[in-house]
Amino acid sequence: MPANVLVCQNHPPVYKENTMTNSRVGFISLGCPKALVDSENILTRLRQDGYQISPSYQESDLVVVNTCGFIDAAVEESLDSIGEALAENGRVIVTGCLGARQDEILARHPQVLKITGAHATDEVLEAVHKHLPQPHNPFTDLVPPQGIKLTPAHYAYLKISEGCNHRCSFCIIPSMRGDLVSRPLEDVMHEAERLQTSGVKELLVVSQDTSAYGVDLKYQATNWRGQRLQTRFKDLATALGELGMWVRMHYVYPYPHVDDVVPLMAEGKILPYLDVPFQHANSRILKLMKRPAASENNLQRIRSWREICPDITIRSTFIVGFPGETEQEFDELLQFLEEAQMDRVGCFAYSPVKGAQANELPGSVPEEVKQERLQRFMEVQAGISAQRLQQRIGIRSTVLVDEVVEQGAVARSMADAPEIDGQVFIDNATYLKVGEFVEVEFEDADEYDLWARPVQSDPK
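What counts and what doesn't
Residues numbered from 1 in each chain as written. Predicted model: local features only at pLDDT ≥ 70, side-chain atom pairs only at ≥ 80, totals over all residues. Heavy atoms only, no water. Helix = DSSP H or I, 4+ residues; strand = E, 2+ residues; numbered from the N terminus. Rg over C-alpha atoms; globule rule 2.2 N^0.38 Å. Buried < 20%, exposed > 50% of the residue type's maximum accessible area, 1.4 Å probe, protein only. Contact = heavy atoms within 4.5 Å. Lys, Arg positive; Asp, Glu negative; His and termini not counted. Charge placed at Lys NZ, Arg CZ, Asp CG, Glu CD. Phe/Tyr/Trp six-rings, centres within 6.5 Å; stacked < 30°, edge-to-face > 60°. Lys NZ or Arg CZ within 6 Å of the ring centre and 35° of its normal. Right-handed = clockwise from strand over helix to strand, strands pointing away. Pairing = 2+ DSSP bridges. Salt bridge = Lys/Arg side-chain N within 4 Å of Asp/Glu carboxyl O. Axes fitted to C-alpha atoms, helices over the stretch in contact; angles between N-to-C directions. Disulfide = S-S within 2.5 Å. Expected span 1.5 Å × (residues − 1).

S.K.: Could you give an account of the overall build of the protein, naming the residues involved and the relevant values?
M.R.: A count of helices and strands for the protein gives twelve helices and 20 strands. The C-alpha atoms of the protein give a radius of gyration of 23 Å, which matches the 23 Å a tight globule of 460 residues would have. For the protein, the C-alpha atoms occupy an extent of roughly 65 × 60 × 50 Å along the three principal directions. By residue count, 55% of the 460 residues in the protein fall in the buried class. In the protein, of all internal contacts separated by at least 6 residues, the share reaching a separation of at least 24 is 73%. For the protein, the separation between the mean place of its 44 positive charges and that of its 65 negative charges on side chains is 5 Å.

S.K.: Mind laying out the environment of Thr121, listing which residues take part and the relevant values?
M.R.: Along the polypeptide, Thr121 turns up in helix α4 (residues 121-131). Note: C-alpha distance between Thr121 and Leu43 (78 residues apart in sequence) is 9.3 Å. Those residues within four positions of Thr121 in sequence are excluded, and the remaining contacts are Asn41, Ile42 and Arg45.

S.K.: Can you tell me about the packing of aromatic side chains, naming the residues and giving the values?
M.R.: Aromatic ring pairs are described here by two measures, namely the spacing of the ring centres and the angle between the planes. Counted under the stated rule, the structure contains eight aromatic pairs. Ring centres of Phe425 and Trp451 lie 5.3 Å apart, and the angle between their planes is 35°; this geometry places the pair in the tilted category. Taken together, the positions of Phe425 in strand β18 (residues 424-427) and Trp451 in strand β20 (residues 450-454) put the pair 26 residues apart, joining distant regions of the chain. Assessed through its relative accessible area of 27%, Trp451 is described here as partly exposed. In textbook terms, an aromatic cluster arises when at least three aromatic residues are bridged by ring pairs, as seen for Phe278, Phe318, Phe336 and Phe377. Across from the ring centre of Tyr251, 3.4 Å away, lies the NZ or CZ of Lys34, which sits over that ring.

S.K.: Account for the pairing of strand β1 (residues 24-29), naming residues and giving values.
M.R.: Judged by how many residues are buried, β1 sits mostly within the fold: five of six residues are covered. Read as a crossover between parallel neighbours, the route from β1 over helix α1 (residues 33-48) to strand β2 (residues 52-54) is right-handed. Sheet topology note: the β1/strand β3 (residues 62-67) ladder contains five bridges and is parallel. Within the sheet, the bridge partner assigned to Val25 lies in β3 and is Leu62.

S.K.: I'd like to hear about the side chain of Glu191, residue by residue, with values.
M.R.: With respect to the element layout, Glu191 can be found in helix α6 (residues 185-197). Residues within four places of Glu191 in sequence aside, it is in contact with Lys149, Leu158 and Arg183.

S.K.: For the pattern of salt bridges, give the residues involved together with the corresponding values.
M.R.: Tallying each qualifying case throughout the model produces 31 salt bridges. Among the ionic pairs, Asp38 bridges to Arg177, the shortest N-O distance being 3.1 Å. One end of the pair, Asp38, is in helix α1; the other, Arg177, is in helix α5 (residues 173-177), with 139 residues separating them in the sequence. Each member of the pair, Asp38 as well as Arg177, is classed as buried. Salt bridges here are not isolated pairs; linked through shared partners, they connect Glu325, Glu327, Asp331, Glu372, Arg373 and Arg376.

S.K.: Lay out the sheet that holds β20 with the relevant residues and their values.
M.R.: The five strands lie next to each other as β16-β17-β18-β20-β19, forming a closed barrel whose pairing is mixed. Taking the axes of each pair of neighbouring strands and ignoring which way they run, one obtains an average angle of 50° across the sheet. Inspection of the sheet shows strand β17 (residues 408-413) paired to β18 by four bridges, in the antiparallel sense. When the bridges of β18 are listed, Ala411 appears paired with Val424.

S.K.: Tell me about the state of the cysteines, residues and numbers included.
M.R.: One pass over the structure, following the stated rule, counts zero disulfides. Looking at the unpaired Cys68, the closest cysteine sulfur is the one in Cys97, lying at 6.0 Å.

S.K.: Break down unusual backbone geometry for me, citing the residues and quoting the values.
M.R.: Positive phi, normally seen in glycine, also occurs at Arg225, with a value near 50°. Topologically, Arg225 is positioned in the loop between β10 (221-224) and β11 (227-230). Residue class for Arg225 comes out exposed when judged on its relative accessible area of 54%. The backbone of Glu419 shows a phi angle near 75°, a positive value even though the residue is not glycine.

S.K.: Lay out helix α12 (residues 367-390) in plain terms, naming residues and giving numbers.
M.R.: Here α12 is 24 residues long and its end C-alpha atoms lie 34 Å apart, about the 34 Å a rise of 1.5 Å per residue gives. Turning to α12, its buried residues number three or more, namely Lys370, Arg373, Leu374, Phe377, Gln381, Ala382, Ile384, Ser385 and Leu389. Next to the buried residues of α12 lie β14 (313-320), α11 (327-340), β15 (344-349), β19 (437-445) and β20.

S.K.: How would you summarise the pairing of β19 if you had to cite specific residues and measurements?
M.R.: Relative to β19, strand β16 (residues 396-405) runs antiparallel, the two being bridged by five bridges. Looking at β19, one finds that Thr398 is bridged to Glu439. Pairing of β19 with β20, which is carried by five bridges, proceeds in the antiparallel orientation. Note that in β20 the partner of Val440 across the bridge is Pro454. Where β19 hands over to β20, the hairpin turn is made up of four residues, counted between the paired strands.

S.K.: I'd like a description of the sheet that holds β3, backed by residues and values.
M.R.: Pairing within the open sheet is parallel, and its five strands lie in the order β2-β1-β3-β4-β5. What marks the edges here is a single partner per strand, and that holds for β2 and β5 (114-115). Packed on one face of the sheet, helix α2 (residues 72-88) meets β1, β3 and β4 (92-96) and runs near 180° to β3. Most of the contacts of α4 go to β3, to which it runs at about 160°, and overall it touches β1, β3, β4 and β5.

So this is what it looks like as structure tokens:
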């Protein structure tokens, strides 16, 4: 890929089209799926207003950079991307989470045209209009009903809320994105239906706190397709499950009512997949993090989920080297891993985030100790993952094809979210189509990925 092609972090090249008009906007999207949805909304509005989306700095009249500001590495990546856009193009509008730290951006890049915070679509559009006049009547523009998407055509992220009511000591998201603001259930469902009509096969439900959906709206009731539903996690999952697509739940805070959604997974209404960020297992560290529960409660929850839905995939993330974490407390985390036997696990060495309360905690863990613990953690989880994948050999399952390459097809099972989990490789199956559901039998596995063959042979 040429160096000047604007890309979305961890995604294919940004939306491209004919740029034979004036008023062309380049776009760089960084960060998490929630930020990706913000980027899609901005791009959709830009196209509705008649702007062309350019794939290169040189062909752009200005560049919008949607930033991430969650950890130091993301901040540096965002600042570097702003600098690159300024150097290559010179006219840059900055939005996203890092926008909450305007002084830091201006100290490095004082020549940016405008800085907005996260989920500020209107402000971004106003800035674009100011510095790049709208090219023609928006009523003449053709925009697909699902809007402009940065994901492949067969899956899409569905953001159901913004912000978070929690104040975890290591996190500054509420200071950047505010408190929880849930979208009305009918708005979410209308978007889901539009995505389904456009050919989307899998919805990835995202937010800062998915299982808190509707709390701010006091679970207000609404009528949807003849049903009386409340604006809450279970009712939304029920309604989405009736669309007939894969529905995958991310960022699910482990409230007690999450248990009520697991039967929907057992019934095949939504995917048997829960992404629950436990963060640690030691009760003292969890309190310092301002996180809920204790490890024994979480272990019991996991056991009960598996009793209800034996095929459930449990994904989680953890932090090692949190301020004050002792070797004994880290060992407790490793023991929790062994007992929980989770399918998919990510881990981060603690990194101070500007503005986070955890920065004031005593007992900073040396960097070399953090990295050593991170390595030990991942070695333990790699063994667990390999063992659990070995148990799937010989099992038949439906997979969704993401890519067809020279060697065959690359797909995902119900246990695999795009970009963060494993893949299923189907050798020589070049006749398959991207976005196609295929029944396969798993034949081999390593620590994170599976190899499979189609149950029905090549039609040739």
